[in-house]
Amino acid sequence: MPLSEDEQRILSEIEEQLYETDPALAREVGRTTVFTHPARNLRLAILAGIAGLVFMFLTLSTSYWLSFLGFLVMLGASLWGWSNLRRLGRFGLQQISDSINRGDVSSYLRSPGRRIVNRLRRGGADRPGRD
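Residues numbered from 1 in each chain as written. Predicted model: local features only at pLDDT ≥ 70, side-chain atom pairs only at ≥ 80, totals over all residues. Heavy atoms only, no water.

Trainee: Describe the overall build of the chain, and please don't skip the residues or the numbers.
Mentor: Counting secondary structure elements, the chain contains five helices and zero strands. Reading the helices (α) and strands (β) of the chain from amino to carboxyl end gives α-α-α-α-α. A separation of at least 24 residues holds for 62% of the contacts in the chain among residues at least 6 apart in sequence. (Helix = DSSP H or I, 4+ residues; strand = E, 2+ residues; numbered from the N terminus. Contact = heavy atoms within 4.5 Å.)

Trainee: With reference to specific residues and values, describe the packing of helix α3 (residues 36-59) against helix α4 (residues 64-102).
Mentor: At a closest axis distance of 7 Å, the pairing of α3 and α4 adopts a crossing angle of 155°. Classified by the angle their axes make, α3 and α4 are roughly antiparallel. Regarding α3 and α4, the two cross each other, and that crossing is left-handed. Of the residues assigned to the contact of α3 with α4, the class counts are 19 nonpolar, eight polar and one charged. (Axes fitted to C-alpha atoms, helices over the stretch in contact; angles between N-to-C directions. Parallel < 35°, antiparallel > 145°, perpendicular 65-115°, else oblique. Left-handed = near helix turned anticlockwise from the far one by under 90°. Nonpolar A, V, L, I, M, F, W, Y, C, P; charged D, E, K, R; others polar.)

Trainee: Just give me the short version of the packing of helix α1 (residues 5-21) against helix α2 (residues 23-31), but keep the residues and values in it.
Mentor: Direction vectors running N to C along α1 and α2 enclose 125°, while the axes themselves pass 5 Å from each other. Accordingly, the angle class assigned to the pair α1 and α2 is oblique. Within the contact between the two elements, α1 uses Leu 18, Tyr 19, Glu 20 and Thr 21 and α2 uses Pro 23, Leu 25 and Ala 26. The class makeup of the residues in the contact of α1 with α2 is five nonpolar, one polar and one charged.

Trainee: Talk me through the nonpolar core; I want residue IDs and the actual numbers.
Mentor: One recurring pattern in soluble globular proteins is that nonpolar side chains are buried together. Counting five residues, the largest nonpolar core consists of Phe 35, Ala 39, Leu 42, Leu 88 and Ile 96. Within the residue set of this core, elements represented by two or more residues are α3 and α4. (Core = buried A, V, L, I, M, F, W, Y, C linked by side-chain atoms within 4.5 Å. Buried < 20%, exposed > 50% of the residue type's maximum accessible area, 1.4 Å probe, protein only.)

Trainee: Lay out α4 with the relevant residues and their values.
Mentor: In this model, α4 (39 residues) spans only 43 Å end to end at C-alpha, well below the 57 Å of a helix rising 1.5 Å per residue. Where α4 bends most, at Gly 89, the angle is about 95°. Those residues of α4 lying buried are Ser 67, Gly 70, Ala 77, Gly 81, Asn 84, Leu 88, Gly 92, Ile 96 and Ser 99. Its side-chain oxygen placed 3.3 Å from the backbone nitrogen of Trp 65, Ser 63 serves as the N-cap of α4. (Expected span 1.5 Å × (residues − 1). Bend = angle between axes of the 7 residues up to and from the residue. Polar contact = N/O pair within 3.5 Å; in protein donor to acceptor, adjacent residues only side chain to side chain.)

Right, here's the structure in full:
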C-alpha cells in the first residue's frame, strides 16, 4: 500500500532532520541493508574456500598434514558460508540472484544509500527557501 502525501512529507522531514543532526549515521544507515553483512561474509567465505583449496593442492606433494590443514580451512569456510546463506534467507538470495542476472551486484549493495541521498536532494530542491 503506497504512502499518502502527508506520510511521505513526514518521512522526508524525518530523513532530512536525521541527515542534518547526524550525517555520519545517515550515511551509515543509507549504505547498509539487512543483507549487506551476510552477503559480505558470504563473499569472504567463498574466497577463504578457494584459498584453502589452492593451499591444499599446493601442499599435497610436500606434506599431507599441511594439505589436511587446507582441507580444514575449506571445511570451515563452507560452514561459515552456509550459515551466512541461512542468514540471507530466501528473499536475500532472490535479491542477489536478480542483481547478478542484471549484472549490477555492486549497485545492489549500495542502492539504499543512493535512494536516501536522491530523496534528500529532491526534497531539498523542491522546497522553496532552501539553499
